[in-house]
Amino acid sequence: MSSFNLFLLPGDGIGPEIMVEVKAILDWFGQAGIAKFETEMGLVGGCAYDAHGKAISESDMAMAASADAVLFGAVGGPKWDKVPYDVRPEAGLLRLRKDLGLFANLRPAICYPALADASSLKREVVEGLDILIIRELTGGVYFGEPKEIVTLENGEKRAVDTQLYTTHEIERIARVAFDLAKTRRNKVSSAEKRNVMKSGVLWNEVVTRVGKTEYPDVELEHVLADNCAMQLVRWPKQYDVIVTDNLFGDVLSDIAAMLTGSLGMLPSASLGAPDPVTGRSKALYEPVHGSAPDIAGKGLANPIAMIGSFAMTLRYSLGLGEAADMLEKAIANVLASGVRTKDIASAGQNAVGTGEMGAAIRRELAVVAR
Ligand code: NAD
């Protein structure tokens, strides 16, 4: 049985409650003889600030860097709203992304048939939706220099952000998209604004070249980012993998998120470059939602986004695609059987708590594994 070393960072708010359910699933996989997981637990966000005045300690950073993958809950909450900016809870997540070189953010948007009515779009538009948005995470306008507000001679102010991409940055994110498309429906849609932005012209050129020379069998289409936003709410099922830059990815992935109905359902992965020796990439897996302080400690949180993030860990970091399929099937079956946490229950429907949802998924895993 293969053995893996995972670093768990539950964080704040509902983070620890949903991580408990992932831990129970890790144990289940071990007991079922599918894979063995050694885990270490660290502190990130507000709880790390309370413990040692930093959003993540150096020793926890070292643990994150040496693990096969990091599982991250959520950080933040009103208790830490006034802590100094550089040690605010989110600084822990940003440091992990930066130091581990996590340049590719993967956000699947899957609409389970049982939840199609929870989406703000019509059932036929979203039912069975399964798309993957790949957002470049460490470049572009959020990081480009100059980035400043200056006062002009006439007293007016001028703000500048710089959209900046190099060939290398575009090539590596394009390869992530093409590689993943090959494991899915073999189609990449690249979104940029080449009609008005030089960075869009280069993005388009580089993605086209990588596609032609390295992935001639993968279908590639280009779409202007604003049109892509429109198409996502018109007929999202036309897409398989969408690859885009940091800014457009921020917006497009949030649009795609709403197609699926609830924040509590959305997993994500952030991957680094493959190690030249081992071929393994550094990786962090986390739900898209935050620490939900309004429901923290009440046992109401939906653990599916966190459990789905673990399914992505199995698939993308550990090479356990079959185990990932099993876990995703167990989630789909539990939803199809009508089990709901409060955030996904419709009016009048009974809702279960975090622990009951986790237990239902483990019971179904045992059925699916037979
Ligand atoms: P949020 O995602 O925490 O909550 C938004 C709403 O969705 C709340 O009503 C919450 O109860 C609900 N919700 C979220 N996850 C849920 C789940 N799993 N099950 C059921 N309901 C769920 O966003 P927010 O309220 O804007 O932010 C709260 C805190 O989280 C802030 O401190 C913010 O900075 C932080 N935050 C952290 C991350 C992260 O750790 N990656 C991301 C976003 C926000």
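Residues numbered from 1 in each chain as written. Predicted model: local features only at pLDDT ≥ 70, side-chain atom pairs only at ≥ 80, totals over all residues.

1. So, the overall build of the protein chain
Counting its secondary structure elements, the protein chain contains 12 helices and 12 strands. The C-alpha radius of gyration computed for the protein chain amounts to 21 Å, which stays within 12% of the reference 21 Å derived for 370 residues, consistent with globular compactness. With respect to the principal axes defined by its C-alpha atoms, the protein chain has extents near 60 × 50 × 50 Å. In the protein chain, of all internal contacts separated by at least 6 residues, the share reaching a separation of at least 24 is 74%. (Helix = DSSP H or I, 4+ residues; strand = E, 2+ residues; numbered from the N terminus. Rg over C-alpha atoms; globule rule 2.2 N^0.38 Å. Contact = placed C-beta atoms within 7 Å.)

2. Concerning the domain arrangement of the protein chain
Where the parts come together, the accessible area they lose is often given as the size of the interface. If you check the domain split of the protein chain, you get domain 1 (1-108 + 262-370) and domain 2 (130-259). Of all elements in the fold, only β4 (104-110) and β11 (267-274) reach the threshold of two or more residues within the side of domain 1 that touches domain 2. Among the elements that line the side of domain 1 that touches domain 2, the one with the most residues is β4, at five residues. In terms of residue class, the side of domain 1 that touches domain 2 is built from nine nonpolar, two polar and two charged. (Domains from an automatic or database assignment. Nonpolar A, V, L, I, M, F, W, Y, C, P; charged D, E, K, R; others polar.)

3. Observations concerning the pairing of strand β3 (residues 69-74)
Of all six residues in β3, six are buried; the element is thus mostly enclosed. Where strand β1 (residues 3-11) and β3 come together, five bridges link them in parallel fashion. Following the sheet pairing, Gly11 is matched in β3 by Ala74. (Buried ≥ 20, exposed ≤ 12 C-beta atoms within 10 Å, placed from the backbone. Pairing = 2+ DSSP bridges.)

4. Examining the nonpolar core
Counting residues in hydrophobic clusters, the biggest one holds 111 residues, and the most contacted among them are Val70, Leu71, Ile134, Ala177, Ile242 and Ile307. Residue contributions to this core reach at least three from each of two domains, namely domain 1 (1-108 + 262-370) and domain 2 (130-259). Apart from the residues lying within four places of it in its own chain, the contact partners of Leu71 are Leu6, Leu8, Leu9, Val22, Tyr285, Ser309, Phe310 and Thr313. (Core = buried A, V, L, I, M, F, W, Y, C linked by C-beta atoms within 7 Å.)

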